[in-house]
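Per-entry structural report
Letter by letter, the chains look like this.
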Amino acid sequence: MSMISTSLSGPKSATSYCAPEFSGLRRLCPNNNTNNSHSPSFLRFTSPRKPLRRVLAMAGTGQFFVGGNWKCNGTKESITKLISDLNSAKMESDVDVVVAPPFIYIDQGGAFTGEISVEQLKDIGCKWVILGHSERRHVIGEDNQFIGKKAGYALSQGVGVIACIGELLEEREAGKTFDVCYQQLKAYADAVPSWDNIVIAYEPVWAIGTGVVATPAQAQEVHVAVRDWLKNNVSAEVASKTRIIYGGSVNGGNCAELAKQKDIDGFLVGGASLKGPEFATIVNSVTSKKVAA
Ligand code: PEP
């Protein structure tokens, strides 16, 4: 699954202070000349005019990240409307927002038969790909090693990876949630040279497209375990820098409570990303991580 990034200067660069504006399928930053992309997170919420704001609950140091997974949905008409809604929505500026349109809507040129290459994605300006999504694992049959290999290759070409992990319902019920997630993480770790341009998406399969969202406590429990895994198996620095986002039936009504969890650094959104105003609400749930001092 390919993603159009809203970030202009590389997968990891911050889009702080960019007015959200989508042109075609890309969000543009009119002033790309920000010098704060490496600011520590506590500085991101400061402003000379507003009262000092601080991070309320954030274990990691990465900027809030929200991805819209449009999957195989949309027509020219509905996508035109969605883009227009996204362009007119008011969104917080300190969020990395990316959307993943179906291949044929990525650019004006005709349809592709079958797969698409990283080189082609790069060629039209994509900065992110979603890999390891449960539909690729469980419908198409991609295994951990194959997904890891794809991640390694995408990164080698300078394309950022939204690396999905997550357990099936029967695996959760059998008490195997952590084991499954750790195996999936290990396959990425074995294949990637660096975690710089990776965002981990924890998406319990039983929550994807079902309307059954994980409770904030259930999601936090796995997110903190993922961060610990990174700390123990990669490094403390990677554990703190890597965004761990949650996906699975996130909507405008449940995002705020989820966003308050310390180890939830954003969302990967399917169904609700097809509704511009609701997606904007999810992007803006970053505000529930902040509090006026
Ligand atoms: C997804 O497909 O990545 C997803 C999270 O879908 P939904 O939000 O519809 O559950």
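A brief look at the structure comes next. (Residues numbered from 1 in each chain as written. Predicted model: local features only at pLDDT ≥ 70, side-chain atom pairs only at ≥ 80, totals over all residues. Heavy atoms only, no water.)

**Examining the packing of helix H2 (residues 76-88) against helix H11 (residues 276-283)**
Note the cut-off: Axis angles are defined between N-to-C directions and span 0 to 180 degrees, where every axis is a line fitted to C-alpha atoms and, for a helix, only to the segment in contact. In this text, helices come from DSSP runs of H or I with a minimum length of four residues, and strands from runs of E with a minimum of two, each type numbered from the N-terminal end. Throughout this description, any angle smaller than 35 degrees is read as roughly parallel, any larger than 145 degrees as roughly antiparallel, any in the 65 to 115 degree range as roughly perpendicular, and the remainder as oblique. If you view the pair so one helix is near and one far, a crossing is left-handed when the near helix is turned anticlockwise from the far one by less than a right angle, and right-handed when it is turned clockwise. Note on definitions: a residue-residue contact is assigned when non-hydrogen atoms from the two residues lie within 4.5 Å.
Two numbers describe how H2 lies on H11: the axes approach to 8 Å, and their chain directions differ by 40°. Here H2 lies oblique to H11, going by the angle between them. Along this stretch, H2 crosses H11, giving a crossing that reads as right-handed. Taking contact as the criterion, the partners of Leu 82, Asp 85 and Leu 86 in H2 are, on H11, Gly 276, Pro 277 and Phe 279.

**With respect to the pattern of salt bridges**
Formally: Whenever Lys or Arg places a side-chain nitrogen within 4 Å of a carboxyl oxygen from Asp or Glu, that contact is recorded as a salt bridge.
Enumeration over the complete set of coordinates arrives at 14 salt bridges. The closest approach of N and O atoms between Asp 85 and Lys 81, which form a salt bridge, is 2.7 Å. With Asp 85 and Lys 81 both in helix H2 and four residues apart, the pair spans about one turn of that helix. Residue Glu 167 pairs with Arg 172 through a salt bridge whose shortest N-O separation is 2.7 Å.

**Examining the site of the ligand**
So the rule is basically this: Put simply, a residue is near a molecule or strand once any heavy atom of it comes within 4 Å of that molecule or strand. What qualifies as a polar contact is a pair of N or O atoms within 3.5 Å, subject to a donor-acceptor requirement within protein and to the restriction that residues adjacent in sequence count only when both atoms come from side chains. We get accessible surface area from the Shrake-Rupley algorithm with a probe of 1.4 Å; when it comes to residues, only the shown protein chains can shield them. Polar here means any residue other than Ala, Val, Leu, Ile, Met, Phe, Trp, Tyr, Cys and Pro, which are nonpolar, and Asp, Glu, Lys and Arg, which are charged; Gly is therefore polar.
Taken together, 14 residues lie near the ligand, and Lys 71, Glu 203, Gly 209, Ser 249 and Gly 270 sit nearest. Note that an oxygen atom of the ligand is positioned 3.5 Å from one of the side-chain N or O atoms of Asn 69. For the ligand, whose accessible area on its own is 290 Å², the fraction buried by protein is 95%. For the shell around the ligand, a count of residues per class yields four nonpolar, eight polar and two charged.

**What about the nonpolar core?**
We count it as follows: Take the buried residues of types Ala, Val, Leu, Ile, Met, Phe, Trp, Tyr and Cys, join any two whose side-chain atoms come within 4.5 Å, and each joined set is a nonpolar core. Exposure classes here rest on a 1.4 Å probe applied to the protein chains alone. A residue is buried below 20% of its type maximum, exposed above 50%, and partly exposed in between.
Residues Val 66, Ile 200, Tyr 246 and Phe 267 are the most contacted members of the largest nonpolar core, which totals 60 residues. At five residues, the largest contribution of residues to this core is made by helix H8 (residues 216-233). By size, the runner-up hydrophobic cluster in this structure holds 11 residues, among which are Trp 128, Ile 130, Cys 164 and Leu 268.

**Digging into the packing of aromatic side chains**
How we decide: Here is the rule: rings of Phe, Tyr and Trp (six-membered ring for Trp) pair when centre to centre is within 6.5 Å. Planes less than 30 degrees apart are stacked, more than 60 are edge-to-face, and the remainder are tilted.
In this structure the tally under the stated criterion is four aromatic pairs. Taking the centre distance of 5.9 Å and the plane angle of 85° together, the rings of Phe 64 and Phe 267 count as edge-to-face. Taken together, the positions of Phe 64 in the loop between strand S4 (53-55) and strand S5 (65-69) and Phe 267 in strand S11 (residues 266-269) put the pair 203 residues apart, joining distant regions of the chain. Summarising the burial analysis for this pair, Phe 64 and Phe 267 share the class buried. An angle of 55° between the planes, with centres 6.3 Å apart, marks the rings of Tyr 202 and Tyr 246 as tilted. One end of the pair, Tyr 202, is in strand S9 (residues 198-202); the other, Tyr 246, is in strand S10 (residues 244-247), and 44 residues separate them in sequence. No difference in accessibility class separates Tyr 202 from Tyr 246, as the two residues are buried.

**Brief notes about the pairing of S9**
Note the following rule: Any two strands between which DSSP finds at least two bridges are classified as paired.
For S9, a buried count of five out of five residues is recorded, marking the element as mostly surrounded by other parts of the structure. Side chains Ile 198, Ile 200 and Tyr 202 of S9 all project onto a buried face; the interleaved residues Val 199 and Ala 201 project onto the opposite face, where all are buried too. One ladder, built from five bridges, connects strand S8 (residues 160-165) with S9; its direction is parallel. Paired with Ile 162 across the strands is Val 199, a residue of S9. When S9 meets S10, the two strands line up parallel, connected through three bridges. When the bridges of S10 are listed, Ala 201 appears paired with Ile 245.

**Points about the environment of Ala 100**
Within the secondary structure, Ala 100 sits in strand S6 (residues 96-100). Placed 30 residues apart in sequence, Ala 100 and Ile 130 show a C-alpha to C-alpha distance of 8.0 Å.

**Regarding the packing of helix H5 (residues 144-156) against helix H7 (residues 177-191)**
For the pair H5 and H7, the least separation of the axes is 8 Å and the interaxial angle reads 40°. By the angle class used here, H5 and H7 are oblique. For the pair H5 and H7, the sense of crossing is right-handed. Counting all contacts with H5, which are made through Asn 144, Gln 145, Ile 147, Gly 148, Lys 149, Ala 151 and Gly 152, the residues of H7 involved are Gln 183, Gln 184, Ala 187, Tyr 188 and Ala 191. Partitioning the contact of H5 with H7 into residue classes produces five nonpolar, six polar and one charged.

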